[in-house]
Amino acid sequence: MASHPTERPLGVIEAISAVRDQCPNAAVRSYAESALEIIKRDGATALRQQAHLVLSTSAGWRGERADQVRRALQHFLAQTQTPL
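The structure displayed is predicted, hence computed values, not measured ones.

What follows is about the environment of Leu73. Structurally, Leu73 is set in helix H4 (residues 64-79). For Leu73 and Val54, which are 19 residues apart along the polypeptide, the C-alpha to C-alpha distance reads 8.5 Å. Not counting residues within four places of it along the chain, the set of residues in contact with Leu73 comprises Val12, Ala15, Ile16, Ala51, Val54 and Leu55.

This is how it looks when you write it as structure tokens:
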């Protein structure tokens, strides 16, 4: 699905924060919150792994915002292709 012409791409932290704040699944929201804490604690070295895990756990989330979040996380992961 192509992004909306006026859609501003999300940054990776913004995308994970959107999962924490907007995903209807409480367990996924909790995981995203934990991921943000891990990133805060460990810094950039944890970013790729946490983005991958949040993307995986939020796979069941549907809708426009979910699609926008997934595009942002997939884009980030594509740009940082190194082994997890």
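Direction vectors running N to C along helix H1 (residues 12-22) and helix H3 (residues 47-57) enclose 35°, while the axes themselves pass 11 Å from each other. The chirality of how H1 crosses H3 is left-handed. Contacts between H1 and H3 involve Val12, Ile13, Ile16 and Val19 from the first element and Leu47, Ala51 and Val54 from the second. Grouping the constituent residues of the contact of H1 with H3 by class yields seven nonpolar, no polar and no charged.

With 23 residues, the main nonpolar core has Val12, Ile16, Val19, Ala51, Val69 and Leu73 as its most contacted residues. In terms of residue count, H4 provides more of this core than any other element does, six residues in total. Once you skip the residues sitting within four places of it in the chain, Val69 turns out to touch Leu10, Ala15, Ala18, Val19 and Trp61.

So, how was this worked out
Residues numbered from 1 in each chain as written. Predicted model: local features only at pLDDT ≥ 70, side-chain atom pairs only at ≥ 80, totals over all residues. Heavy atoms only, no water. Helix = DSSP H or I, 4+ residues; strand = E, 2+ residues; numbered from the N terminus. Contact = heavy atoms within 4.5 Å. Axes fitted to C-alpha atoms, helices over the stretch in contact; angles between N-to-C directions. Left-handed = near helix turned anticlockwise from the far one by under 90°. Nonpolar A, V, L, I, M, F, W, Y, C, P; charged D, E, K, R; others polar. Core = buried A, V, L, I, M, F, W, Y, C linked by side-chain atoms within 4.5 Å. Buried < 20%, exposed > 50% of the residue type's maximum accessible area, 1.4 Å probe, protein only.

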